[in-house]
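Coordinate analysis (summary)
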Amino acid sequence: GQQLNQSPQSMFIQEGEDVSMNCTSSSIFNTWLWYKQDPGEGPVLLIALYKAGELTSNGRLTAQFGITRKDSFLNISASIPSDVGIYFCAGRIRNSGGSNYKLTFGKGTLLTVNP
Amino acid sequence: DGGITQSPKYLFRKEGQNVTLSCEQNLNHDAMYWYRQDPGQGLRLIYYSQIVNDFQKGDIAEGYSVSREKKESFPLTVTSAQKNPTAFYLCASSIGRVDDTQYFGPGTRLTVL
């Protein structure tokens, strides 16, 4: 099946710093999603991207759909302690029938923010 | 409030017993999904259902079974055939159109002793 390579696996930063993480694939995706998961909870959608080159912001978060359609990145500016959690990328490939409900997930980036 | 509920939050079972995890949504979504999450792993798809009375196997369906008798409900049974059932199980739903977004429930942590 398709694989997403998400990096870095973990990050340990100081409050106020900016953060960047990315996902790459050998396959072409037509949707990229970024989720955040708090310990013991379900993932919460942060940003959804649908077009190559699209750059979308949600507060201090910014994500981009790569031009090649094989990658995406997520930036967090001015990090705060509540940014702590696991961030997942997820991508969808449109199959030959024109629809595809399946998402492929990266393994996640564990973010720790030191106050 | 609209959303996805999973119950219970924590579940303990003895090895060899079947166990059913509940997932209910009141979002009027057509599609529902079950994922398994293990430490250090991404989410892996077990089963999904695009419409009532229909479901398909995901990437790791062996040892699991599902039903979709109602639009709101998509229960997952972890059978004794599942070799390593201890994991965090997540249910999700989506509208069911192309390119729609999946929304997740709070999860059930299953521990098999």
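Please refer to the structure higher up on the page.
Predicted model only: the values in this text are computed from it and were never measured.

**Looking at the overall build of chain B**
- The number of helices and strands found in chain B is zero helices and 11 strands.
- Ordering the α and β elements of chain B from the N terminus gives β-β-β-β-β-β-β-β-β-β-β.
- For 113 residues, the compact-globule estimate of 2.2 N^0.38 gives 13 Å, and chain B sits close to it at 13 Å.
- Burial status across chain B gives 50% buried among its 113 residues.
- Relative to all contacts within chain B whose residues are 6 or more apart in sequence, the contacts with residues 24 or more apart total 52%.
- Element-wise, carbon and sulfur atoms account for 48% of the exposed surface of chain B, whose accessible area totals about 5500 Å².
- The centroid of the 12 positive side-chain charges in chain B is displaced by 7 Å from the centroid of its 12 negative side-chain charges.

**A few points about the pairing of strand S6 (residues 55-58) of chain A**
- With four bridges connecting them, S6 of chain A and strand S7 (residues 61-65) of chain A associate as antiparallel partners. When the sheet's bridge partners are listed, threonine 56 of chain A is paired in S7 of chain A with alanine 63 of chain A.

**Things to note about the sheet that holds S6 of chain A**
Residues and elements named next belong to chain A.
- Spatially, five strands are ordered S1-S3-S8-S7-S6 in an open sheet, and the strand pairing comes out antiparallel. The two strands at the open ends of the sheet, each matched to only one other strand, are strand S1 (5-7) and S6. Going from strand to strand, the sheet's axes swing by 15 degrees on average, the running direction of each strand aside.
- Relative to strand S3 (residues 19-24), S1 runs antiparallel, the two being bridged by three bridges. Note that in S3 the partner of glutamine 6 across the bridge is cysteine 23.

**Remarks on the side chain of glutamine 6 of chain B**
All names here are of chain B.
- Along the polypeptide, glutamine 6 turns up in strand S1 (residues 4-7).
- Using a relative accessible area of 8% as the deciding quantity, one classes glutamine 6 as buried.
- One polar contact links the side chain of glutamine 6 to the main-chain carbonyl oxygen of tyrosine 89, over a distance of 3.1 Å.
- Within the structure, glutamine 6 has its side chain in polar contact with the backbone nitrogen of cysteine 91 (distance 3.0 Å).
- Those residues in contact with glutamine 6 that sit more than four places away from it in its chain are Ser22, Trp34, Tyr89, Leu90, Cys91, Gly105, Pro106, Gly107 and Thr108.

**Examining the pairing of strand S9 (residues 87-94) of chain B**
All names here are of chain B.
- Taking burial as the measure, the eight residues of S9 include eight buried ones, the bulk of the element.
- Where burial is concerned, the two faces of S9 agree: the one with Ala87, Tyr89, Cys91 and Ser93 and the one with Phe88, Leu90, Ala92 and Ser94 are both buried.
- The pairing of strand S4 (residues 31-37) with S9 spans seven bridges and is classified as antiparallel. Bridged to alanine 31 within S9 is serine 94.
- Alignment of S9 against strand S11 (residues 108-112), held across three bridges, turns out to be antiparallel. Each bridged residue has a counterpart across the sheet, and for phenylalanine 88 the counterpart in S11 is arginine 109.
- As paired elements, S9 and strand S10 (residues 103-104) share two bridges and run antiparallel to each other. Paired with alanine 92 across the bridge in S10 is phenylalanine 104.

What counts, and where the lines are drawn
- Every chain's residues receive numbers from 1 upward, in the order its sequence appears when written.
- Chain labels run from A onward and ligand labels from 1 onward, assigned in the order the entries are written.
- Residues qualify for local features only when their pLDDT is at least 70, as the model is predicted, and side-chain atom pairs are given and counted only at 80 or more; totals for whole chains, interfaces and linings, by contrast, use all residues.
- In computing side-chain properties, one takes all heavy atoms of the structure into account and sets aside hydrogens as well as water.
- Each helix corresponds to a stretch of at least 4 residues labelled H or I by DSSP, and each strand to a stretch of at least 2 residues labelled E; elements are numbered beginning at the N terminus.
- As defined in this context, the radius of gyration uses C-alpha atoms, and a globule is described by 2.2 Å times the residue total to the power 0.38.
- In this scheme, a residue with accessible area under 20% of its type's maximum is buried, one over 50% is exposed, and one in between is partly exposed, where area comes from a 1.4 Å probe on protein chains only.
- The contact criterion used is simple: two residues touch if any of their non-hydrogen atoms lie within 4.5 Å.
- For the area figures, the Shrake-Rupley method with a 1.4 Å probe applies, and any residue is considered shielded solely by the protein chains shown.
- Positive residues here are Lys and Arg, negative ones are Asp and Glu, while His and the chain termini are left out of the count.
- Note on charges: their place is set at NZ of Lys, CZ of Arg, CG of Asp or CD of Glu.
- Here the rule is simple: two strands pair whenever DSSP picks up at least two bridges between them.
- Here, axes are lines fitted to C-alpha atoms. For helices the fit covers the stretch in contact, and angles between N-to-C directions go from 0 to 180 degrees.
- Here a polar contact means two N or O atoms within 3.5 Å. Within protein one must be a hydrogen donor candidate and the other an acceptor candidate, and residues neighboring in sequence count only if both atoms are side-chain atoms.

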